[in-house]
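Read off the chains here:
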Amino acid sequence: MRTEQPVTIRRLDYTPPSFLVDSVSLAFDLLPGGTRVDATLALRRNPVADSGAPLSLDGEELTLEGVWLDGEPLAVGRYSLSESGLEVRDLPETCTLRIVTRTTPEANTTLSGLYVSNGNFFTQCEAEGFRRITFFPDRPDVMARYRVTLRAPRERFPVLLSNGNLIARRDCEAPEWLAAAHDGEAPGAGPATPEAWHEAVWDDPFPKPSYLFALVAGRLVATEERLATMSGREVLLQVWVEPGNEDRTGHAMQSLVRAIRWDESRFGLELDLDRFMIVAVSDFNMGAMENKGLNIFNTKYVFAHPRIATDQDFAGVESVVGHEYFHNWTGNRVTCRDWFQLTLKEGLTVFRDQEFSADVMAAQAATQAGAASARAVKRIEDVRVLRAAQFPEDAGPMAHPIRPDSYQEINNFYTVTVYEKGAEVIRMLQTLVGRDGFRKGMDLYFARHDGQAVTCDDFVAAIADANGADLSQFGRWYSQAGTPRVSIVGSHDARARRYRLEVRQACLPSPGQPLKQPFHIPLVVGLVGPDGRDLPLKPAAACAGSVRRIETAGGQVSAVLDLTEASQVFEFEDVAEAPVPSLARNFSAPVVVEHACDDAQLAFLAAHDSDPFNRWEAAQRLATRCVLAVLDGAAPAGRSAPLVAAIARAIDDPHLDAAFREQILALPSEGFIAEQLEVVDPVALRAARDAVRGELARGLAGRWRALVHDLGSDAPWTPDAATAGERALKNAALAYWVDSGDADAVATAQRQFARADNMTDRVGALQALLRAGGEPREQALAEFEKMFADEPLVMDKWFSLQAAMHRRPGDPPVLERVRALAGHPAFSLRNPNRVRALVGSFCHGNLAEFHAADGSGYAWWAERVLELDPLNPQVAARMARALDRWRKFGPERQAAMRAALERVAAAEHLSRDVREIVTKALAA
Ligand code: TRP
Ligand code: ZN
């Protein structure tokens, strides 16, 4: 690998392409050791670009075999070839350019471009992988029609797939170049006895950017379903997997059907192709990819069978299937002008998949109250991810606005900020204009921009124009990084019967942004009266202009406040007794709310708030304060009493459903608590959190035992949300019960481990046994490995659980186990899921062990990053981010982390991906 000079790409440097591509015809002769690509581009000079500009084609790791202009070989002087592409001068206004290239899929370990996994061919083109397949203007604002011919040996590659509609399939001759290569004994030419070849021709009627191109070739089988869309068109749905996995595709297919129906009913958006395919692959850099009509998925987000997949895995499949399907409109029909606009498609599509999952979960609930708490559970899960991963990103060296201003490697900007914070920004837009207003805005967006490559500003303009709203200040969410802090002081004036909220907002500097302007923040608030019910809300005249609306639903009364200034005051009239304010209901904005209130008020909200999200929030705040106090030296037993009481109340509340109760009793993560501290000592933090856990475990031991027994049904596993919630609660209770030190608990966990008929209960029991430590832990791990040695996705769990394990008294450091696991025959740096399971779970998911005071974790991290980088820079860069927050630690750890970062930065050969991460981490 070449060491690349860092080049910064800037958003404001955007220039339109010099040429447009009206259509492309691609012919592939597919062989793992050497694939030939014959591409013909119909080109037309872009009317809005500079007239004399040359045609600039991107291309990487390609062997050029020939170039023809309008049928004639192109003179060598007319083009120049570099490491990064091909430039062609003096082209006519319209022309066709034919380019023949070679690549070596088998040698491609980056999993970007065309590669081989388990003997089959796959592509991954987003963001810039197409340039590793052929020379092309590989940028999303060049949208072309594609016709694709795939030729391959018939026996080895019986299935040939690409985007759009299948036009023809037939047997064919082996390509001529292959016979010629045979004579010359060229490498990669295939077996000596000639194989029979076949070909398939695919045509995609929709113009698309190159990042949405895909092909798949190999030995695969499909599960199929036919369906009539809302306008009555019949479509064919397929889920393709390697033979033997057919019995695990049902849930993905059902999820796809639900996603299609949901987009029809919620947004009036219909599937536009006759055929929609999902293909599962076990070597994949991310979750899945929305290629037009041919989604390619990590097996993790397709395979769902209770024997191997947990309830969480089932939910993951549903949300990712939804996500990729929803991209067909938000991403594919309307795409991004340039990669700085990534959140245009990703934030919006995450918002859509979140809403989809929430609606499906709510629909499965038996009662209205159940539906509300099912929605809250989904919201809580999403907010946990945001706080645990996005808030730290926004406070660290990689902080960037959801629409970044610059990057060195775009793959490093597929971040929780662009995705999850981006989704929060869309959700705020919906809160501001209301659900119906948001739908009107979406309709206008598609009416204006279908078939175009556009910007985030175009999206916001559509929402604003459809609602006559002024969203100019709201645009700052797109340009400013950092998590705003909203501090609120409430006061009650009994004589004037008024309640007053003084609200201030501020945002800390982030790289390149020393000063922030106030954000436009929708703050949804309620006032909870002494009887636990919401008070009616009458805004005083002086602030009425900043009260967008009052919402009343069921027993809930909330005001949607427009925060637009650094400091504002809101007053409510006719408030006889002092209420407790319920702030940022349903997490109405991605901000940190600071509000001084005592444990009693938090316990009161946890018991009574009409907003279930804020009931959970109050309990979390109680727990966070408790852990922080213990960390500060408070005695765990005394300090935990209010938390223990609040959690006992939630467990005993018959009106709360199981999944929601489980959320209440799960303590905030170490990562989240760490962000509340100036200087983090992860070892002390774990000890404090575990001490609080211990108080809950022992203080409520009787309840844990009862929950495990009451919920430990012998009924066979079913996939519905209600029983999934019960399993989650039962398994959380089992882990607490084990922590209480009761020997019965360990025996119960062992029994559940042995007898479970589903992976949720099996892993739930295993997690409890990991907490028990000693022989029970080792026995269960050995047994689990034996049971699932031939199930890669389950072995990922086995690696991951051990890497994230807490140390029990007498245990050696977890790094010793992790080192041994890295030498396990089933471990491989070439499989991203495996790398995430071991390296990711240890470096990102086991704070106390990774940050061992002797720096051993950091040294191991540097070795793994350097070892992985030449194989797969994208995944190496993800792992490299484990040291982002190095400045948050004490001086010794900082020194050791800096040394590890410098060691990586000093490597002679480093990818652009990893270089950007480590240099930004080291920068001031
Ligand atoms: N666009 C994809 C999604 O959101 C994710 C994606 C981006 C991706 N780059 C990728 C997937 C590279 C695999 C490899 O769903
Ligand atoms: Zn996406």
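Residues numbered from 1 in each chain as written. Chains lettered and ligands numbered in written order. Predicted model: local features only at pLDDT ≥ 70, side-chain atom pairs only at ≥ 80, totals over all residues. Heavy atoms only, no water.

A.B. asks: Which parts of the structure should I look at to understand the site of ligand 1?
C.D. replies: Near ligand 1 you find 14 residues, and of these Glu-126, Glu-290, Glu-324, Glu-346 and Tyr-419 are the closest. At 3.0 Å from an oxygen atom of ligand 1 is found a side-chain nitrogen or oxygen belonging to Glu-346. Here Tyr-419 contributes a side-chain N or O atom positioned 2.8 Å from an oxygen atom of ligand 1. Relative to its unbound accessible area of 360 Å², ligand 1 is 97% covered by the protein chains. Counting only elements with at least two residues in the shell around ligand 1, the list comes to strand E20 (288-289), helix H3 (311-326) and helix H4 (342-364). (Near = heavy atom within 4 Å. Polar contact = N/O pair within 3.5 Å; in protein donor to acceptor, adjacent residues only side chain to side chain. Areas by Shrake-Rupley, 256 points an atom, 1.4 Å probe, with all protein chains shown as cover. Helix = DSSP H or I, 4+ residues; strand = E, 2+ residues; numbered from the N terminus.)

A.B. asks: Help me out: how do you make sense of the environment of Leu-871 in this one?
C.D. replies: Relative to the elements of secondary structure, Leu-871 occurs in the loop between helix H25 (856-868) and helix H26 (873-880). Along the sequence, Leu-871 and Glu-393 sit 478 residues apart, while their C-alpha atoms lie 26 Å from each other. If we skip the residues at most four places from it in the chain, Leu-871 touches Thr-109, Thr-110, Leu-829 and Arg-830. (Contact = heavy atoms within 4.5 Å.)

A.B. asks: Whenever I open this one, the pattern of salt bridges confuses me. Can you help?
C.D. replies: For side chains bearing opposite charge, pairing can occur when the charged atoms are close. By the definition in use, this model includes 85 salt bridges. Between Glu-617 and Arg-387 there is a salt bridge, with the nearest N and O atoms lying 2.7 Å from each other. Of this pair, Glu-617 sits in helix H10 (residues 612-631) while Arg-387 sits in helix H5 (residues 368-395), placing them 230 residues apart in sequence. Judged by its relative accessible area of 17%, Glu-617 falls in the buried class. Through salt bridges with shared partners, a single ionic network connects Arg-498, Arg-500, Glu-502, Arg-504, Glu-571 and Glu-573. (Salt bridge = Lys/Arg side-chain N within 4 Å of Asp/Glu carboxyl O. Buried < 20%, exposed > 50% of the residue type's maximum accessible area, 1.4 Å probe, protein only.)

A.B. asks: Which parts of the structure should I look at to understand the packing of helix H17 (residues 721-739) against helix H18 (residues 743-755)?
C.D. replies: For any two helices packed against each other, one specifies the crossing angle of their axes together with the interaxial distance. Two numbers describe how H17 lies on H18: the axes approach to 8 Å, and their chain directions differ by 140°. Classified by the interaxial angle, the pair formed by H17 and H18 is oblique. For H17 against H18, the interelement crossing comes out left-handed. Facing Lys-730, Asn-731, Leu-734, Trp-737 and Val-738 of H17, the residues of H18 in contact are Asp-744, Ala-745, Val-746, Thr-748, Ala-749 and Gln-752. Broken down by class, the residue content of the contact of H17 with H18 amounts to 6 nonpolar, 3 polar and 2 charged. (Axes fitted to C-alpha atoms, helices over the stretch in contact; angles between N-to-C directions. Parallel < 35°, antiparallel > 145°, perpendicular 65-115°, else oblique. Left-handed = near helix turned anticlockwise from the far one by under 90°. Nonpolar A, V, L, I, M, F, W, Y, C, P; charged D, E, K, R; others polar.)

A.B. asks: Please explain the side chain of Gln-802 as it appears in this structure.
C.D. replies: Here Gln-802 is to be found in helix H21 (residues 792-803). At a separation of 3.0 Å, a polar atom in the side chain of Gln-802 contacts the side chain of Arg-817. When residues no more than four places from it in sequence are discounted, the contact partners of Gln-802 are Leu-781, Val-814, Arg-817 and Leu-821.

A.B. asks: What should I look at first to understand empty space enclosed by the protein in this one?
C.D. replies: The gaps left among the atoms become clear once a water-sized probe is rolled over them. Applying the stated criterion to the full structure yields 1 cavity of 30 Å³ or more. Its boundaries defined by the atoms lining it, the largest cavity holds a volume of some 30 Å³. Secondary structure elements with two or more residues in the lining of the largest cavity: H4 and helix H7 (456-467). Ranked by the residues each element gives to the lining of the largest cavity, the list is headed by H4, at 3 residues. Its residues assigned to classes, the lining of the largest cavity shows 6 nonpolar, 1 polar and no charged. (1 Å grid on protein atoms, 1.4 Å probe; cavity = no way out; pocket = protein on both sides within 12 Å on 5 of 7 lines; lining within 4 Å. Points joined across faces, edges and corners; volume = space filled by probe spheres on them.)

A.B. asks: I'm lost on the environment of Gly-890 in this one. Help?
C.D. replies: As for its placement among the helices and strands, Gly-890 is situated in the loop between H26 and helix H27 (891-905). Relative accessible area serves as the criterion here: at 17%, Gly-890 is assigned to the buried category. For the pair formed by Gly-890 and Ala-853, sequence separation is 37 residues and the distance between their alpha carbons is 9.9 Å. Beyond its immediate sequence surroundings of up to four residues, Gly-890 is in contact with Val-679 and Val-680.

A.B. asks: Teacher, can you tell me more about the pairing of strand E8 (residues 85-88) here?
C.D. replies: Both faces of the sheet carry side chains from a regular strand, because those side chains alternate between them. Strand direction decides the pairing type here: strand E4 (residues 55-58) and E8, joined by 4 bridges, are antiparallel. Within E8, the residue paired with Ser-56 across the bridge is Glu-87. Direction of pairing for strand E7 (residues 79-82) relative to E8: antiparallel, over a ladder of 4 bridges. Pairing of Leu-81 across the sheet is with Leu-86, part of E8. Connecting E7 to the antiparallel partner E8 that follows it, the hairpin turn spans 2 residues. (Pairing = 2+ DSSP bridges.)

A.B. asks: I keep staring at the domain arrangement of the chain and nothing clicks. Help me out?
C.D. replies: Many analyses report the size of an interface as the accessible area lost when the parts associate. According to the domain assignment, the chain contains domain 1 (1-110 + 132-218), domain 2 (335-479), domain 3 (503-589) and domain 4 (612-923). Here the C-alpha centre of domain 3 lies 21 Å away from the C-alpha centre of domain 2. Across the boundary between the two partners, domain 2 contributes 20 residues, which contact 19 residues of domain 3. Interface of domain 2 and domain 3: buried area, both sides summed, is about 1,600 Å²; carbon and sulfur atoms make up 59% of it. When the area that domain 2 buries against domain 3 is broken down by residue, the three leading residues are Leu-432, Gln-473 and Arg-476, summing to 34%. Taken together, the links from domain 2 to domain 3 amount to 0 salt bridges. Our count for the contact surface shared by domain 2 and domain 3 stands at 10 residue pairs in polar contact (both at pLDDT 80 or more). Put simply, the parts of the chain that give the side of domain 2 that touches domain 3 at least two residues each are H5, helix H6 (416-449) and helix H8 (476-479). (Domains from an automatic or database assignment. Buried area = accessible area lost by both parts, 1.4 Å probe.)

A.B. asks: Just to check I follow, could you spell out the sheet that holds strand E28 (residues 547-553) for this structure?
C.D. replies: The strands making up a sheet are joined through hydrogen bonds of the backbone, oriented either antiparallel or parallel. In space, the 4 strands of this open sheet follow the order E28-E29-E27-E31, with antiparallel pairing throughout. A single partner strand is all that each edge strand has here, and the edge strands are E28 and strand E31 (580-582). Strand after strand, the sheet turns through a mean of 30° between neighbouring axes, direction not considered. Examined bridge by bridge, strand E27 (residues 521-528) and strand E29 (residues 556-563) share 5 bridges and lie antiparallel to one another. Counted as the bridge partner of Val-525 is Ala-559 from E29. Sheet strands touched by helix H9 (residues 599-608): E27 and E31. Its angle to E31, the strand with the most contacts, is close to 55°.

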